[in-house]
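Spelled out, the chains give:
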Amino acid sequence: MQYRVSGTVTDMGGVPLPGASIVEKGTTNGVTADFDGNFYISTANENAILEISYVGFAKREVPVNGRTNITVKLKESVSDLDEVVVIGYGTVKKSDLTGSVGSVKIGELEKTPVASFDEALAGRISGVSVVSGDGQPGSLPEIVIRGGNSLTQNNSPLYVVDGFALEDNDNNSINTSDIESIDILKDASATAIYGARGANGVIMITTKSGKEGMPTISFDRYFGLQNDLKRIETMDPYDFAVLQMEIDPVNSPYVYLEKPGRTLEDYKTYEKIDWYDKVLRTGTMQSNNLSISGGNEKTKYYMSGSYLEQEGIFINTGFERYQGRISLDQELTRKLKAKVNVNYSKSKNYGVVATDNGGSTSASLMYSIWSYRPVTTGVDVNLEEELVDPEVNPATDYRVNPVIEAENVLRENISRSLLGNASLEWAIIKGLKFRITGGASDNLREINSFYNSKTRYGGPYHPQSRGPNGSQRFYRSTTFSNENLLTYRNTFNKVHSLTVMAGYSQQKNNSSLFGGESVQITDEELGLSGLDVGTPTYLWASSSNWALQSYFARLNYDYKSKYIFTATIRADGSSKFSPKNRWGYFPSAALAYRLSQESFMKPIEFVSNAKVRIGYGVTGNNRVSDFAYLSGIGTTNYSGYSFGDENPGRGTYVSGLDNAALKWESTSQLNFGLDLGFFENRISFTGDYYYKETKDLLLNAQLPYATGFSTAYKNIGSVSNEGVELALNTVNIDNDNFTWKSDFNISFNRSKVLALTDNQSSLTSTTRAVYNSNPSYIAKIGGPVAMFYGVLYEGVYQYEDFDQLTNGNYVLKEEIPANGSTRSNILPGYAKYKDIDGDGNISLNDYTVMGNPNPDFVGGLNNSFNYKNLDLSIFFQFSYGNEVMNANRSVFEGTFLTGRNQYQSYTDRWTEENQTSNIPRAKGEPQLFSSRIIEDGSFLRLKTVSLGYTIPSQFLKELGIRSFRTYVSAQNLITWTNYSGVDPEVSTRNSALTPGFDYSPYPRQRTLITGINIKF
């Protein structure tokens, strides 16, 4: 007679686990839990043992012991060795990995209040660098894996979203709540399957699909506030007025004293106009996500929609996104399955871009905020109501009222993105499957700008004023893809596992640009709609295309889960190269040996996993323009060529030098890895050492001017990256009521320039932000890819450096070098630099390496705690050893212009009364990049804190609610650093050659939100 048992399966917080497996031990008798986690099973007798399991949770055996109703709580699995990791064109158990792959814990990512998932990756995966230039809403960070391979080309990874490969993915188009997993392929043995586009690493994103069971409705919402992390104080009216007397002792007394009828002491009584505070606001941020999923044995579905809005902390700036997604899995026949994924998003970031200065030091938003005078000097002038300060010369200083500018500028970047793919899988025979996939990606970017008469570029004061003006541009990129995969999987004699995959893919892209610009618009109230009532000045119209064809194969062999071998080969043909160099070939191989499977390891019971890995492979990079190997033909925008005696007309010219020999950039990489697990994997460790070398760099190389061209694409130069990655995951406490888990990672990377173009020992770069004509970075053979470049600061000249003339004036001693200024003009307190070439003066010949923007190491530490229904997550991010060029200090801690306010720190400058100061006196610093503005950028940041509470399920059943979690979360709470700027995590002109530069950054935000997660 059978014994009937009922029960419920939940997690430790009481949330039901639908689909959990309940099997009577020793039999095939089993059932699955329903939508509410309930189950009913008939066992052989009242003493049967039930085996309860659920994906991601530890399996549990529960004796019936005569009970008729059982509540079973499952713990999350301590070991992740059985987790499935997504790799190129397939999946593999983590225990069977031969390459270096990092997996993101999505649960932790979802606790981070950010607009895009990539913002939350910083510090969470070893070997993955996430650099966000500043805090501008909607701006995407740059991700670099294991150091940049290229000097002048794009170092971004390849993104593969549900199998669709994208070179320039708009990560703002993906809703974090829709992501099922993120796996990052780092070494060549893992990325070589993507051949020509795998050199920079590959980020595999898998979105959620429907699961068998009753419909599940999920609603997530949060709302929060944002404010600035740190503000730099500027001078108050008194200190500002004192400074003006020093800069211009002839005219300033009239402007600041005689004309307004004031004394210096009077300025101590005037209230400071705090321009930063007037532009600043408390920004709000909200997110709403709704999803419905479910299905049966043959049909599974997932649908979602979301809306996110982020108000910037500066007025009239922000970001918003609308997004929707549909996924459908359908079993057509016993052997045929179909899958469809479609994602659509529309996003817009708007407002003044803080870092945009049009190549001029004085044309950025933060320049206006920090430099604008803190006090009005005339009774007939109200600085807060005027666009331009009457005491400023608009021909040489482009600052404007930052409040009026921010309120009136229209800047919009609107992106509409549609990504869809469909696949058909045919199980031909046992172990042999064929899958065909077709996909399309359509991205339309609309870039709008309008400057009315109350803006810098639309007002009458700018020296190149064009009156009210605007432009509108549309950039479209459409990619079509087709993949065909044949996979054979089988196990022989229960010990030999073999998986063979072969495939063919083709991808084609079409892009176009169209737009127009109009100036002197007569009716500015029309905004962009008034472009037709202005004077057209410029039209953009272009189109391009590229295509890629590929053949690839992979072999995986596994003997007793002890010896694991992987080999791949890929051949890519790209239209970006000439026919003779169109094809590239990219092989890889990797071997793993699991010592823990050996009999001699069995007595060492505390070792639960031990595996060594070695891999080598070659990957490529084709990130060049579509027709880089051909000569370019340009058309003049002016009348410059005459045929015969006719009036000159527009002509064409060779705009770029051809290079038919241009070929693939190739990166070879060697990787050694070690995976360890102890005490049933409660402690797990992963370590990797890698060395990669990139040859035939696709370098925009400098050419002799005699050629008629300044640069051209060439395959020259070589770069290496060498590093160590360590990750430690521990389960510190694990009992029925309390768990504590820790995840720590740290990465070390060293880049080196091995070769440049012919007879070139170094490559200098400028940021076009401050002192535009002067280089500020250098890449030297034998050194890192980027180093700060300038003169070495030696303090200020003191009186002992001078001889006093009979008339009382001071002149530099002959043996004391000048600082680049005329010797007779140099005074005590002026900046002093090291004269490297010994010629007695400072020039570009005295430029040298003055700092290193590359960190010694970076990483992160996450601790997650669960006590009954409470959960707490605390995440720290750190960077050590990197330096930052705080170019703001070169402008706001030293000025030669009257009327330009300075940082409050400049009150400590050298004066006759303050001769021990290390800050040059007023007008005492030439326009040179110096080591004075190089600062330690190391930091430790309390990045994310999240505290949540899940209401016990017994209180929710009456309401038809499956689970209800409420939480508070904070981002960028506290930063410990010695950096004096707004934020040490800054790179406003970020590229491989110009990292760690800080000028006019949009302040990064501190965010505090509260939210709910509800499932019905």
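Residues numbered from 1 in each chain as written. Predicted model: local features only at pLDDT ≥ 70, side-chain atom pairs only at ≥ 80, totals over all residues. Heavy atoms only, no water.

- The chain appears in an unreviewed UniProt entry as SusC/RagA family TonB-linked outer membrane protein from Maribacter luteus.
- Under the heading Subcellular location (unreviewed entry), UniProt records this for the chain: "Cell outer membrane".
- The chain has a UniProt comment under Sequence similarities (unreviewed entry) that states "Belongs to the TonB-dependent receptor family." (UniProt positions renumbered as here; feature names shortened; annotations may be inferred.)

Details of the sheet that holds strand 52 (residues 997-998)
Then, number 1: Ordered in space as 49-48-52, the three strands form an open sheet in which the pairing is mixed. Unpaired on one side and paired on the other, strand 49 (934-936) and strand 52 mark the two borders of the sheet.
Then, number 2: Where strand 48 (residues 883-886) meets strand 52, two bridges bridge the pair, whose relative direction is parallel. Looking across to strand 52, one finds that Met-885 is bridged to Phe-997. (Pairing = 2+ DSSP bridges. Helix = DSSP H or I, 4+ residues; strand = E, 2+ residues; numbered from the N terminus.)

Observations regarding empty space enclosed by the protein
Then, number 1: According to the stated counting rule, one finds eight cavities of 30 Å³ or more in the structure shown.
Then, number 2: Quantified by volume, the largest cavity comes out at close to 340 Å³.
Then, number 3: Breaking the lining of the largest cavity down by element, the ones donating at least two residues are strand 51 (963-977) and strand 53 (1005-1015).
Then, number 4: Per-class residue counts for the lining of the largest cavity are eight nonpolar, twelve polar and five charged.
Then, number 5: Its boundaries defined by the atoms lining it, the second largest cavity holds a volume of some 150 Å³.
Then, number 6: The wall of the second largest cavity is formed by 15 residues, among which Ile-87, Thr-98, Ser-189, Ala-190 and Thr-566 lie closest to the centre.
Then, number 7: Looking at the lining of the second largest cavity, the elements with two or more residues in it are helix 2 (188-191), strand 26 (535-559) and strand 27 (563-574). (1 Å grid on protein atoms, 1.4 Å probe; cavity = no way out; pocket = protein on both sides within 12 Å on 5 of 7 lines; lining within 4 Å. Points joined across faces, edges and corners; volume = space filled by probe spheres on them. Nonpolar A, V, L, I, M, F, W, Y, C, P; charged D, E, K, R; others polar.)

Remarks on the sheet that holds strand 45 (residues 848-851)
Then, number 1: Across the sheet, which stays open at both edges, the four strands sit in the order 38-39-40-45 with antiparallel pairing between neighbours. The open sheet is flanked by strand 38 (762-765) and strand 45, the only strands paired with a single partner. Neighbour-to-neighbour, the strand axes of this sheet turn through a mean angle of 45 degrees, independent of strand direction.
Then, number 2: The sheet contact formed by strand 39 (residues 777-780) and strand 40 (residues 787-790) spans two bridges and is antiparallel. The partner of Ile-778 across the bridge, within strand 40, is Met-787. (Axes fitted to C-alpha atoms, helices over the stretch in contact; angles between N-to-C directions.)

Some points on a nonpolar patch on the surface
Then, number 1: Taken together, the side chains of Ile-217, Leu-290, Ile-292, Met-303, Ile-326, Leu-328, Val-340, Val-342, Tyr-344, Leu-418 and Phe-1016 make up a nonpolar region of the molecular surface, amounting to roughly 850 Å² of accessible area.
Then, number 2: Counting only elements with at least two residues in the nonpolar patch, the list comes to strand 18 (283-295), strand 20 (318-331) and strand 21 (336-350).
Then, number 3: Looking at the nonpolar patch, the element that brings in the most residues is strand 21, giving three residues. (Patch = residues over 30% accessible without salt bridge, like charges linked within 9 Å, V, L, I, M, F, W, Y side chains within 5 Å. Areas by Shrake-Rupley, 256 points an atom, 1.4 Å probe, with all protein chains shown as cover. Salt bridge = Lys/Arg side-chain N within 4 Å of Asp/Glu carboxyl O.)

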